[in-house]
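Spelled out from the first residue to the last, the chains are:
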Amino acid sequence: MNKNNPIINFFSWVLPRFNLFEDLDKQGTIESIQKGAEIKGTNLWTLIFAIFIASIGLNVNSTAVIIGAMLISPLMGPIVGIGFAAATNDFDELKRYLRVLAVATFASILTSFIYFSLSPISEAQSELLARTSPTIYDALIALFGGATGIIANTRKEKGNAIAGVAIATALMPPLCTAGYGLSQGNWQYFLGATYLYLINSIFIAIATFIFVRYLEFPKVDWGLYKEREKKVKVYLAIFSLIVLLPSVYTATQIVRSSYFKAKTNEFIKAEIVTPTRKILDKTIEFGSPSKIELSLIGPRISDGDIEDLKSKLKLYGIANSELILHQDFSAPNADNIKYEVLAEIYQNQMESKKIDEPQLAKEISVFFPGLASVSFSKSKRYNVSENVYQEVTMFDTEWTKLPTETEKQKLIDFLRLRIEEEYLELNVRKVKPSS
């Protein structure tokens, strides 16, 4: 073999850098895993306090607080222990770690349930909503995070990678979200968050299993009990299948869901959105069947064009999907959409610092079709109690059909924001019939 061959020299230089056996500490790793997998005494109290901290962070939508809770959480311990015990054929330890993880999980959900039951803030914040369903990225993060964690744990110098893994794999927030769902009676949140937690735990354990086997940790020697050893291997094989098959199915479903959403957004951008047509509201649901529901503003799409759009779905790989288009604000949240449009128009004009009164009148008439005419005027009003003059903007309106109290209040709120006037009056009257 030619030692001067550049390819051989390159691999001779590169391959040793991937060597994981050089600073391997097998005995220290075993002791570390056994100690970290115990959830009792100090570890149990740490877990409970960490859950309280994470729950508060989710409740007030504070990312920093959630990260702090994940740093001090001992939940990684029993999950790594499960993967390690399975890889070393230690069935007794595997059962023990599963019991420990079950207790830790129950204690975590109970703690967060108690907190959210007592908390005055019951609204679900964005940080909490993000933990209600797994994505392909959650599974990949758990897999690579678990691999990083076990590699770091097997070194003589542990380094600071384990703390980073605790943050990245995010075991605490899903448990807190499950407790929140339970406290609110929202089973969708509870099941979705629990599912995310299980997916994270499974992929961390799988990564641990793979690297413990690769690093050739000693397996349990059953000595004279060869028959029991055979049974243990059968039990471990069954356990591995129980863990692996659902995770493969889940990963497949997550990939399919992510692919569907990406292709749907590609379809919407290419076929529906134009410079004059915008998406006001969008719902994309992957399932059987999948659903694409859009609320549009801009040039109306004819029934014939809608059929053409439906036929084009197969070109994007999303043929078995229901396409629903709302073009007349007939969607269930139509009132909110109308108001959002008004707010967006207001925001755009505020950025240019210009208020065009004729344009303002047109905007109002578009979203309040019953409006026949509007006039604006400013006046001063003397406030006797405060002994001051107040500038008041008067809006005099005529209507072919009088607005409801809700419509009047929405118009007042919009005008108050639109012209930046705190004091205004809205006069409403019906158009007099012509004689």
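Here, the structure is the one placed above.
The present account deals with the structure reproduced in this document. The model shown is predicted, which means the values in this text are computed figures rather than measured ones.

Here we take up the overall build of the protein chain. Looking only at helices and strands, one finds 16 helices and six strands in the protein chain. Expressed as a percentage of the 435 residues in the protein chain, the buried residues total 40%. The contacts of the protein chain with a sequence gap of at least 6 include a subset with a gap of at least 24, amounting to 72%. Total accessible area on the protein chain stands at roughly 25,000 Å², and carbon and sulfur atoms take up 59% of it.

Next up on the list: the packing of helix α3 (residues 42-60) against helix α10 (residues 172-184). It is at 9 Å that the axes of α3 and α10 come closest, and there the two elements cross at 75°. When the axes of α3 and α10 are compared, the pair comes out roughly perpendicular. Here α3 contributes L47, A50, I51, A54, S55 and L58 to the contact with α10, which in turn contributes M172, P173, C176 and T177. Class assignment for the residues of the contact of α3 with α10 results in eight nonpolar, two polar and no charged.

Most of strand β2 (residues 290-297) is tucked away, with six of its eight residues classed as buried. Both strand β1 (residues 278-285) and β2 contribute to a ladder of seven bridges, which runs antiparallel. The partner of I279 across the bridge, within β2, is L296. The loop that links β1 with its antiparallel partner β2 comprises four residues. Across six bridges, the pairing between β2 and strand β3 (residues 321-326) is parallel. In the sheet register, K291 faces β3, and the bridge partner there is E322. Between the parallel elements β2 and β3, the chain passes through helix α13 (residues 303-312) in a crossover that is right-handed.

Quick look at the nonpolar core now. Ranked by internal contacts, the top residues of the largest apolar core, which has 53 residues, are L47, L75, L171, M172, I204 and F217. Of all the secondary-structure elements, those providing two or more residues to this core are α2 (26-36), α3, α4 (63-72), α5 (76-87), α6 (91-118), α8 (136-153), α10 and α11 (187-214). Counting 16 residues, the second largest nonpolar core, distinct from the first, contains F260, I272, I306 and Y316.

Each value, and the rule that gives it
- Residues numbered from 1 in each chain as written.
- Predicted model: local features only at pLDDT ≥ 70, side-chain atom pairs only at ≥ 80, totals over all residues.
- Heavy atoms only, no water.
- Helix = DSSP H or I, 4+ residues; strand = E, 2+ residues; numbered from the N terminus.
- Buried < 20%, exposed > 50% of the residue type's maximum accessible area, 1.4 Å probe, protein only.
- Contact = heavy atoms within 4.5 Å.
- Areas by Shrake-Rupley, 256 points an atom, 1.4 Å probe, with all protein chains shown as cover.
- Axes fitted to C-alpha atoms, helices over the stretch in contact; angles between N-to-C directions.
- Parallel < 35°, antiparallel > 145°, perpendicular 65-115°, else oblique.
- Nonpolar A, V, L, I, M, F, W, Y, C, P; charged D, E, K, R; others polar.
- Pairing = 2+ DSSP bridges.
- Right-handed = clockwise from strand over helix to strand, strands pointing away.
- Core = buried A, V, L, I, M, F, W, Y, C linked by side-chain atoms within 4.5 Å.

Function-wise, these values are silent; they only describe arrangement.
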